[in-house]
Amino acid sequence: MSCFSNTTYSRILVRHHWLVLSFVIFICIILTVIGVIFTQLPDFSDPRIGWGARGKGTIFSQLMVLRHASEKFRLAYELPLVPMSYSNTYRSDILAKHDIWRKKHVNNQYDQLFDYQDLNETFYDNDHEDDDIPDYHDDDDEDKTSQALLLYKWHRNRHFDIKNSIFKYVDDKIINISVLDFVKNLPRFNRTNYQSARLPFDLFRPYAYLLEEKYRGRAGRDGMIEFYMERTEPTADLLSLKHLQSICAWEKKFQRILSLDNVLSLSLATFVALYSSKTDCQSITTDDVEHFRSILHTCLPYYIDGYMDIPLSDQFLNRVIIEHHPDYHTHQEQIKAIYPALRHTCFYKNITRFIFDHFVDERFVNNFQQSKTNAKVSISMIYISNYKISKYNRTRDQTMCLRRQPYSRKYCRERGCIDDYRNNFTENSCLSQGPPYGNCDKYCHCKYQCFNESEEVILLTPNLKEKELVNIFGKSFAGQQKLLAYRDEFIKLIAFNLANVREKAAMAQIHKDMFLVLMAAVLIVGITILYLRSVTIALIIVIGAMLSLGVSYFVYRVIYRIPIFPYMNLMSAFILIGIGCDDIFVFFDTWEQEKARWLNKHQDKQITDNAEIPLNNINNHEILPSNQKIKPSKLKSPSNAFQSRYRTRLYHESENIRKNFLNEEALIEIMSNTLKHAASSMFVTSFTTSAAFFTNMLTNISFVQVFGVYTGTCILLYFFITVTAIAAFAVIYEKHIIDIISRIFSMRKKKVLQTSTTNPPVTLYRRFALKCKDIRYYIFGYLIPQIVIKLRYLLVPLLFCLGILGLISIFHYPKLQAPSTQKVSFFLHGNPMENYEFLMKNQFNGYLKDERRLFAYPSVSFIFGIRDIDDGYVFDMNDRGHLHLMPVYLNQQRTQEFFKQFITHLGTRKDLFSSIQDLEKDFDAFNQLTTDNILIDKIADDRARLNTSKTNHIDMIKYIGKIDMKLIDNLITETVRTIGYKIRNDQSDQEDYIDKKFNKINFTLHKISNKQLTNLTHPIIIYSNYRKLFNRTLEKIYKEQIEHSYDIEEIRNYLNGSVRDDLTEEYQRSALKTAMQCLTGAAGANNVPADFCDKQLNQQRSVNWAVLPDKPSPIDGSVRPFAVIISIRGSLNRTDYESYNAYYLKVKDFFDPYIREHAPEHLKHAWFSSPGFAFYGIQRELLVGSFSSLIASLGIALLVLFLTSGNLFIALYALLAISFAIADGVGIFVLLKWELGIVEAIIVIMAVGLSVDFVVHFGVGYIHTNPIDIENERERIRNRHASSTSESNESKISSCRLLYEEQQAEREIRVIESASRVGSAVFMAAFTTFAAGFSMTLSSLSSFQRMGQFLMTIMSTSWIFATFFFLPLCAIIGPVGTCGSIPFTRLRAYFQRCRHSSEPLDKI
């Protein structure tokens, strides 16, 4: 800020202080109101909003593009979604099982499609008696109406046969076993007494909705309530009678607490009772426990080997075709072997597997293999359903039928209602609705209405809503004291899951914890009052922070247009209140110092004008010239030059001095000097701090980015408010508030001042204030400078070693680690819901398997046809942007050859991928469209069509007759008019017409027509003898004969590159169009054969080779493929970051070079991704982004320090101090085993911004030391040296020694003045931020607490390194004179000369 602008701005602040203050506050309030009222308020219901690592080249952005492509495909064909699943999937099972056109064959009962998956659990029980094993035979005399037989026959030609393999990924191993081997290895039982191994099905039937995965969720937690009980004695066994009875009692008690007494529940005790055919768990005995333990031990091997994870259930029978073998078992015998296995305890409904997964801990399972009796259960679960079950009937095909109605009605209107009415496929029940008796719209609605078949639907609705569960948690379980009530002599409650309301409960707690902001504000106000002795200044800090937060929200929502506002942004309030005090303390400290300097200047002027007038008739300490010593106080605080100038008591000036002081010019001068010294320092600290927060943008994680953007904006706006509104408030404070406060305490201020020596309260207050000020001057003006100077050679090496140790702990050992789990902590450690998430899930196999299923053996997808460019708004996860499509030229032979070679090459990389057998099958099925036979048939068909269109009917008759006269006879038989024929009813010329020939043939007309057409020389066609079907049938027969006459080899030779590609494209588009019609239901209206649609749907549902077609062309309805996705299962079976990183890089090193070397030019854009890489992408971005942002922050801090201090060495020393402070702060958390999660990444990045302030103040103070003081100190050293060297002759050595002593004295005076000028303000700024962090540690949320702990730690380390490392380092090797300084004066003079030298040229 130039001198003119600084003075002008100061004049505006002094003259128009009320206007400036009012205007700034008014604008801030208006903007805040606009931001709050006219934009969407923050929604904290989803704490994970913005947790995606979205940015150029990130895995998350690639997955966004992949998802966008899936949505484009799904929306193009209006495919329905799977409830509770990923939005890029569709209900292919519904489409395959309940297609509408199958209902046309209602009379063929054997061909009805049974939804076997939806059969209830009573199917086997009710179909036969328990003593009768179902007998399956292929004999003709078998009862054709048997439900089981019909199912068996229908499924026998579908699904797996015994030679197929069951291929399944289980944990860290792969099960690959043939169906036959699996069936043969199932448990064998005595055929005559197999019921003894069966469960009591009647007792288990009511628990079906708790046991089956489709109701409870795969991990058993969707909508369920889980309580985890641990033994009180470390050597006890929960699978003992006393402990089981205790579990049973707590099970009932928890039901009463939740008001769910009538709801079913499960526990280890309940299972023991059910396995012993008992309904009450309190009635179990020791024998029941032993029986249950024996059953578990018998089933354990099948569980360990993974066979119990194969969906062996009632539907397994459908998937097995048993072959006939004379030397082996018959169908009947093999089915008898399967049925007992399905009903066996180990496999029925997966109940036993559910126990191993969720009711006994992993340690018990491992020990159980070694010993049946010594293994002990340490933790178990009580499982309470939160669902109420309701049943209703709905039309089975309602979903698909309603979807197909728009196509069907359009079909009716386009074809004409009367034509469709004549179609023989029309249902008889709709005939009365059509013309001429009914209405065309009614007829179309009738024909395509939903069928009346109904199915029973199970509707599960929660008993307790989320808000109720959150209230129950707060009322009954929140807090350690309440948890102590849930224990007895045998067991205790250690964790629970209230239907996954952990995140909702955390978000509810945020509103309560925001009251801690008030606590932080109170702490800051109290500290400010003690330091500045002003309540109004303390309040203005809080008001400034509130205004800054409000305006920042306006900028965030309106200008930045960021749609998400994560809960972490609320932490900005704590940070801003703490950081804001830094600027306020620096500003008002500088203001007080400039007042003191002005007053000393005024007193010196009075001495000069009139030596007889006392300088200050109320000052206790005589103000001496700066070159004289001040008498030490009782605290032995020798004054330095800085204190001599600025240490004046301003709170008891005389009336005349205060009147002069309140003079406008005096305030302008004080304000100008204050802004000159403080504004630059405040700008540097604010800019570097906000820049550190803005570098969060380098992380690519939206959650971290928006926090940095919002907090950085808050800090910049707070600086603006400080230099405008708060600066104007300083003038108001001096001119008005001090007088108002004085009048409040005493209406007669003058009398109080005159009698202050005899007024005890006033005297006590004045002495206390003076003593506090003396202590502050003593600590920061004498004690700390003396410690820094005297112990500098000890402090620098000590803190240097500590900094190196901090760096070692971060980068070497124990090293800052990427997050090991995708789980996120919300509550503090020890909270029962956190114990469930982080402890219980690691001790039960069910959750461990889920973890492995998510990340082990990831499905890797290779994408062709779409660029991996995500141009959606990075902060809006709903903004998909645009798909950047590239041509795939799937019709070209070179493209097909490349895909074939690529798939084959995938099979050679056993180190990266598993079997490609399914992928090869899927690709071959699609590649059949490009075979020579297909294309030859296509060419022959096109040539025949062209020939037919150019040949008249007479020539067709001649050609057909020469080939075979029987063809003419067939033509006449099919087309001659029948008896009772009426032309007005003839619709046989329609394309979809199917002739059922209800009328008898007219033989007379048949003979006449035969005579006319068999005359090959001059055949005669009298069209009145024939139906409208004649022309179409004649052309059909002629076309078929022409096709047979073509030379196949000639056509094969005709096929070349361009012709082949064009034909392939046409055929592919036609096939894709028909397949999409099958998929969407349009094929049903067009009477496409069901078998053909089955084949097409199977191809389109391929998960290994997927061709995504675009919307049909509005011109010809053709369908163009816009992307190809090849998916294959990866071989990675580990889930840690290092393994994932190595695997990802290996796949990248394989794929990228292969594409560059072998792919056609139009496919070189290909890329790969996997949903399994999502969490790895977050981990990688956290590591790379955090350290990138940290380095960028340090670089910005170095640049700003260099420009503001004007000295390279100061900037480097400051950077070293900042780095060591951050290293020690982060190193402490590394030793505490913190991982680099979202919150920790924010902490690491913001560390630079928070630690740079203190060294900036000290560095600027060091550089801007008064040159007069430096010169006086150098002069004193020279005088002393001259007197000591007059007696010796060592002139050369003395000169070097003199130079060293002068430089050392200059360093010391700079360090002393820097510590004296800003030492107290720096300490108070650190202390206030420390206090703000302390208030956050009282939160019950882990993110708030960790942020508070970080603020406390980084403030401590930053202040320690700034005070006891940076200052001692400057005292040892700090720059002196102009060493390392930027020659601003020379640069300015050079640019002025350049400007003046160019003026004549400009004028010319």
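Residues numbered from 1 in each chain as written. Predicted model: local features only at pLDDT ≥ 70, side-chain atom pairs only at ≥ 80, totals over all residues. Heavy atoms only, no water.

Some remarks on the overall build of the protein
For the record, the criterion: Note on conventions: DSSP H or I runs of at least 4 residues are helices, E runs of at least 2 residues are strands, and numbering of each starts at the N terminus. Type-normalised accessible area, obtained with a 1.4 Å probe on protein chains alone, sets the label of each residue: buried when under 20%, exposed when over 50%, and partly exposed for intermediate values. Two residues qualify as a contact provided that any one of their heavy atoms is within 4.5 Å of a heavy atom in the partner residue. Residue burial considers only the protein chains on display, and all accessible areas are found by Shrake-Rupley using a 1.4 Å probe.
Check the secondary structure of the protein and you find 53 helices and 12 strands. Relative to its full complement of 1404 residues, the protein shows a buried share of 53%. Partitioning the contacts of the protein with sequence separation of at least 6, the portion at a separation of at least 24 is 79%. Of the roughly 66000 Å² of accessible surface on the protein, 56% is carried by carbon and sulfur atoms.

Let's talk about the nonpolar core
To keep it simple, the criterion reads: Among buried residues, the Ala, Val, Leu, Ile, Met, Phe, Trp, Tyr and Cys ones that are joined through side-chain atoms within 4.5 Å form a nonpolar core.
Counting 300 residues, the largest nonpolar core has F227, F271, F862, F864, W1105 and I1126 as its most contacted members. In terms of residue count, the dominant contributor to this core is helix α29 (residues 702-745) (23 residues). Discounting chain neighbours no more than four positions away, the residues touching F864 are V888, F898, F899, F902, F1122, A1123, V1124, I1126, I1155, L1163, H1165 and A1166.

Focus on unusual backbone geometry
For the peptide bond that leads from Y813 to P814, omega is 0°, which places it in the cis range. With respect to the helices and strands, the residue P814 is situated in the loop between α32 (792-811) and α33 (832-838). For Y857, which is not glycine, the phi torsion reads 50° and is therefore positive. Structurally, Y857 is set in the loop between α34 (845-855) and β9 (859-864). Located in the positive-phi region is Y889, a residue other than glycine, with phi close to 45°. You can see Y889 is positioned in the loop between β9 and α35 (893-908).

Digging into the sheet that holds strand β11 (residues 1121-1129)
Inclusion rule: A strand pair is defined by DSSP finding two or more bridges across the two strands. A fitted line through C-alpha atoms serves as each axis, taken over the contacting stretch for helices, and the angle formed by two N-to-C directions is quoted from 0 to 180°.
Here 4 strands make up an open sheet; going across it, the order is β10-β11-β9-β12 and the pairing antiparallel. Two strands lie at the open edges of the sheet, namely β10 (1105-1109) and β12 (1167-1169), each paired on one side alone. Each neighbouring strand pair of the sheet contributes to a mean axis angle of 25°, computed without reference to strand direction. Note: β9 against β11, 6 bridges, orientation antiparallel. Of the residues in β11, the one forming a bridge with S859 is R1129. Here helix α36 (residues 917-927) sits on the sheet in contact with β10 and β11, set at roughly 40° to β10. The strands touched by helix α46 (residues 1137-1158) are β9 and β12; relative to β12, the strand with the most contacts, the crossing angle is about 160°.

A word on the packing of aromatic side chains
Defined as follows: Aromatic pairing here means that ring centres of Phe, Tyr or Trp (its six-membered ring) are within 6.5 Å. Orientation follows from the plane angle: under 30 degrees is stacked, over 60 is edge-to-face, and everything else is tilted. To sit over a ring, a charge needs its Lys NZ or Arg CZ within 6 Å of the ring centre and within 35 degrees of the ring normal.
For the structure on display, the rule yields 79 aromatic pairs. Note on F477 and F496: the rings are 4.9 Å apart at their centroids and 55° apart in plane angle, and the pair reads as tilted. On the criterion of sequence distance, the pair formed by F477 in helix α20 (residues 466-477) and F496 in strand β8 (residues 491-498) is long-range, its members being 19 residues apart. The exposure classification of F477 matches that of F496, with both residues buried. Here the aromatic rings of F855 and F1175 are separated by 5.7 Å at their centres, their planes lie at 50°, and the arrangement is tilted. Of this pair, F855 sits in helix α34 while F1175 sits in helix α47 (residues 1174-1205), and the two are 320 residues apart along the sequence. Comparing F855 with F1175, the two get one shared label, buried. Seen from the ring of Y1262, R1310 lies directly overhead, with NZ or CZ sitting 5.5 Å from the centre. The ring of W1234 carries the charged tip of R1346 above its face, separated from the ring centre by 4.2 Å.

Considering helix α16 (residues 362-370)
Heads up, the rule is: Arc definition: it is the arc formed by the directions from the helix axis to the C-beta atoms.
Looking at α16, one finds that the buried residues are F364, V365 and F368. The buried residues of α16 occupy an angular sector of 100° when projected down its axis, which confines them to one face. Those residues of α16 that are exposed and angled more than 90 degrees off the buried face are R363 and Q370. Next to the buried residues of α16 lie α13 (286-304), α15 (351-358) and α34.

Some details on the pattern of salt bridges
For clarity, the threshold we go by: By definition, a salt bridge exists where a carboxyl oxygen of Asp or Glu is found within 4 Å of a side-chain nitrogen of Lys or Arg.
The full count for this structure, using the stated rule, is 33 salt bridges. Between E503 and R48 there is a salt bridge, with the nearest N and O atoms lying 2.6 Å from each other. Placement of E503 in helix α22 (residues 502-513) and of R48 in the loop between α2 (17-37) and α3 (59-76) is noted, with a sequence separation of 455 residues between them. Given a relative accessible area of 22%, E503 falls into the partly exposed group. Accessibility expressed as a relative area gives 30% for R48, which makes it partly exposed. With a closest N to O distance of 2.5 Å, R1274 and E1306 form a salt bridge. Of the two residues, R1274 is situated in helix α50 (residues 1267-1285) and E1306 in helix α51 (residues 1291-1337); the sequence distance between them amounts to 32 residues.

Concerning the packing of helix α38 (residues 953-963) against helix α39 (residues 965-975)
Heads up, the rule is: Working rule for angles: under 35 degrees goes down as roughly parallel, over 145 as roughly antiparallel, 65 to 115 as roughly perpendicular, anything else as oblique. Ten residues, namely Ala, Val, Leu, Ile, Met, Phe, Trp, Tyr, Cys and Pro, are considered nonpolar, four, namely Asp, Glu, Lys and Arg, are considered charged, and the remaining ones, Gly among them, are considered polar.
Running from N to C, α38 and α39 point in directions that differ by 125°, and their axes come no closer than 5 Å. On the basis of the axis angle, α38 is oblique to α39. Mapping the contact onto sequence places I957, I960 and G961 in α38 and M965, L967, I968 and L971 in α39. In terms of residue class, the contact of α38 with α39 is built from 6 nonpolar, 1 polar and no charged.

As for the sheet that holds strand β4 (residues 265-267)
What the 4 strands build is an open sheet, ordered β4-β5-β3-β8; its pairing is antiparallel. A strand with exactly one partner marks an edge of an open sheet, and here the two such strands are β4 and β8. The mean angle between the axes of side-by-side strands here comes to 20°, regardless of whether they run parallel or antiparallel. Sheet strands touched by α20: β3 (224-231) and β8. Its angle to β8, the strand with the most contacts, is close to 155°.

Notes on the packing of α2 against helix α24 (residues 535-559)
Going by this rule: It is the rotation of the near helix from the far one that decides the hand of a crossing: anticlockwise by less than a right angle makes it left-handed, clockwise makes it right-handed.
Axis separation between α2 and α24 bottoms out at 8 Å; the angle between their running directions is 50°. Viewed along their axes, α2 and α24 adopt a mutual orientation that is oblique. Seen from above, α2 lies across α24 with left-handed handedness. The residues of α24 that touch α2, namely those facing I25, C28, I29, L31, T32, I34, G35 and V36, are L547, G550, V551, Y553 and F554. Considering only residue class, the contact of α2 with α24 consists of 10 nonpolar, 3 polar and no charged.

Things to note about α35
Just so we agree on the cut-off: Working rule for helices: expected span equals 1.5 Å times residues minus one.
The terminal C-alpha atoms of α35, which comprises 16 residues, lie 23 Å apart, in line with the 22 Å expected from a rise of 1.5 Å per residue. Of the positions making up α35, those classed as buried are T895, Q896, F898, F899, F902, I903, L906 and G907.

Considerations on the environment of A1247
By secondary structure assignment, the location of A1247 is in helix α49 (residues 1238-1263). In this structure A1247 comes out as buried when scored by relative accessible area, which is 0%. The spacing of A1247 and M1355 is 108 residues in sequence and 9.4 Å in space, taken between C-alpha atoms. Residues in contact with A1247, not counting those within four places in the same chain, are I1222, F1350 and I1354.

As for the side chain of S476
With respect to the element layout, S476 can be found in helix α20. Setting aside chain neighbours within four positions, we find S476 in contact with I257, K482 and Y486.

Things to note about the environment of A1332
Mapped onto the secondary structure, A1332 falls in helix α51. Considering only alpha carbons, one finds A1332 and M1352, 20 residues apart in sequence, at a separation of 8.3 Å. What A1332 contacts, discounting residues up to four positions off in sequence, is A520, F574 and G578.

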